[in-house]
Structures are given as C-alpha cells and as structure tokens.
Amino acid sequence: MSEQVLRRNVSTRSRTRTITQIAMLGAIAGILMNLEFPIPFLAPSFYQLDFSEVPVLVGSFAMGPLAGVWVELVKILVHLVTKGTMTAGVGDVANFIFGCAFVVPAGFIYRSMKNRKHAVLGMVAGTLLTSVVACFINAFILLPAYGKAFGMPVDAFIQMGSAVHGSVHNLLTFAALIIFPFNLFKYTLTSLIVFLIYKRIRVVLKGD
C-alpha cells in the first residue's frame, strides 16, 4: 500500500471518528439539557440550570472549537426532537449562542497550548464572555421576545426578578443582579466539572 493511500485511509478514519464523537457528545448534551432545574436563590424559575455544556466543552477541548460548535448544534437538535420547545424556539437559539460563546473561546485558548493553565484561562474567558453576552441578549432581545410570544409585559419579568433580589426594578438591574450571577454560577460550575473529569474523558476520546 502506497504512503498516499495509507495517509488517505488514516484521514478517513480520523474524520469518521470525529463525526461519531460529535454525534455522541451532542446526544449526551441534548439529554442533559432535558434535565434542567431552577435555582430559586439566584433567579426566577424560568431560568433553569442544566449541565449540557459539559460534553460540549469536552468536545471543544478534545477536537477543537469548531467541533464544539457542531456538538452544540447537535445538542439543540436532540433537545428539540426529544422534548420540543416551550419558548417558540427563542430559548433554543439563545442557548446555542450562549453555548458557542462559552466553548469557542475556551477551545481556542486551550488549543494554543494544551495544558492545565490554558484550560483554566479558556474556561474563565468563556465564562466571563458568556455571562456578559447573556446580559445584553436577555435584556434587549430575549425577555421582550418572550413577552411578545406569551403575551406578558416585560414588567412581569422584572417583578419576578424583584421577588428574588429586592434591588431589581428595571431591565438593567435585572441583567446585573439576576442574569449575570446566574450565568456566572452556571458556567463556573460547568468549568469545574470539566476540569475534574476531562483528563479521564480525553483518554477515551483520543484513544490514548
């Protein structure tokens, strides 16, 4: 067998393995997305915590940030097929955007130098970026869109936020005191889990 044919076969096997792993991690993430629960001390009940970004971040670290985006997409599709949408698709699009904002910078930073320090730097960058992005998108796009879809005034969401944190009295304070802490908690917890399990999962994914 010529070297060129051998190289082509190796490339085909590698591509097939990557696609399989993306599908597997995306399916796991989609199932985890269905297992969501509220955090009453942080946010109103319509903000739910789940651990679906754990497999997505693992994929981004193991196969690169682009693979992380594909895992994120598969996750959303699996969630829609298995559970459907309760937000007229608005929440699912937002979840995809937030997930990518988290795993893409983390994946890029880790890819530049694959060590523990860069993994932590990547997760910190992804967590902060997503927490900030979520504030603006929630306050100026998602909450008004939710209100329009379900016939609720934005003031209703502010009142829910005020029940959790008494200083919430407008969209700005809602974003600063509800959305930012919630996402900071969510993605910090996700990062911690990945930090603890990634070394073992990497062995399985890479076949080391």
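Since the structure is predicted, the reported quantities are computational estimates derived from the model, not experimental observations. (Residues numbered from 1 in each chain as written. Predicted model: local features only at pLDDT ≥ 70, side-chain atom pairs only at ≥ 80, totals over all residues. Heavy atoms only, no water.)

A. Broad picture of the packing of helix H3 (residues 65-82) against helix H4 (residues 90-112). For the pair H3 and H4, the least separation of the axes is 8 Å and the interaxial angle reads 155°. Here H3 lies roughly antiparallel to H4, going by the angle between them. At the point where H3 passes H4, the crossing takes the right-handed sense. Along its contact with H3, which presents Pro65, Gly68, Val69, Glu72, Leu73, Lys75, Ile76, His79 and Leu80, the element H4 presents Asp92, Asn95, Phe96, Gly99, Cys100, Val103, Val104, Gly107, Phe108 and Arg111. Taken together, the residues that form the contact of H3 with H4 break down as ten nonpolar, five polar and four charged. (Axes fitted to C-alpha atoms, helices over the stretch in contact; angles between N-to-C directions. Helix = DSSP H or I, 4+ residues; strand = E, 2+ residues; numbered from the N terminus. Parallel < 35°, antiparallel > 145°, perpendicular 65-115°, else oblique. Left-handed = near helix turned anticlockwise from the far one by under 90°. Contact = heavy atoms within 4.5 Å. Nonpolar A, V, L, I, M, F, W, Y, C, P; charged D, E, K, R; others polar.)

B. Spatial organisation of the nonpolar core. With 43 residues, the main nonpolar core has Tyr47, Leu57, Phe61 and Val194 as its most contacted residues. The set of elements that each furnish at least two residues to this core consists of helix H1 (3-34), helix H2 (53-63), H3, H4, helix H5 (116-150), helix H6 (154-164) and helix H7 (171-206). Looking at this core, the element that brings in the most residues is H5, giving nine residues. (Core = buried A, V, L, I, M, F, W, Y, C linked by side-chain atoms within 4.5 Å. Buried < 20%, exposed > 50% of the residue type's maximum accessible area, 1.4 Å probe, protein only.)

C. Region of interest: the packing of aromatic side chains. For the structure on display, the rule yields nine aromatic pairs. Between Phe37 and Phe51 the ring centres are 6.1 Å apart and the planes differ by 50°, which places this aromatic pair in the tilted class. Taken as a pair, Phe37 in strand E1 (residues 37-38) and Phe51 in the loop between strand E2 (48-49) and H2 lie far apart in primary sequence, 14 residues in all. On the accessibility criterion, Phe51 (26% relative accessible area) is partly exposed. Ring centres of Phe41 and Phe185 lie 6.3 Å apart, and the angle between their planes is 85°; on these two criteria the pair is classed as edge-to-face. (Phe/Tyr/Trp six-rings, centres within 6.5 Å; stacked < 30°, edge-to-face > 60°.)

D. Structural context of the confidence of the model for the protein chain. Per-residue confidence for the protein chain gives a mean pLDDT of 86, with 90% of residues at or over 70. H1 is the least confidently modelled element of the protein chain, averaging 78 in pLDDT, while H3 averages 94, the highest of any element. (pLDDT = per-residue confidence, 0-100.)

E. Geometry of the pattern of salt bridges. Evaluation of the coordinates by the stated rule reveals three salt bridges. Note that Lys75 is salt-bridged to Glu53, the shortest N-O span being 2.7 Å. Linking Lys75 in helix H3 with Glu53 in helix H2, this pair joins segments that are 22 residues apart in sequence. Residue Glu72 pairs with Lys75 through a salt bridge whose shortest N-O separation is 2.6 Å. Here Glu72 and its partner Lys75 are both found in helix H3, three residues apart, which amounts to about one turn of the helix. Under the relative-accessibility criterion, Lys75 is labelled buried at 0%. One salt-bridge network, in which partners are shared between bridges, spans Glu53, Glu72 and Lys75. (Salt bridge = Lys/Arg side-chain N within 4 Å of Asp/Glu carboxyl O.)

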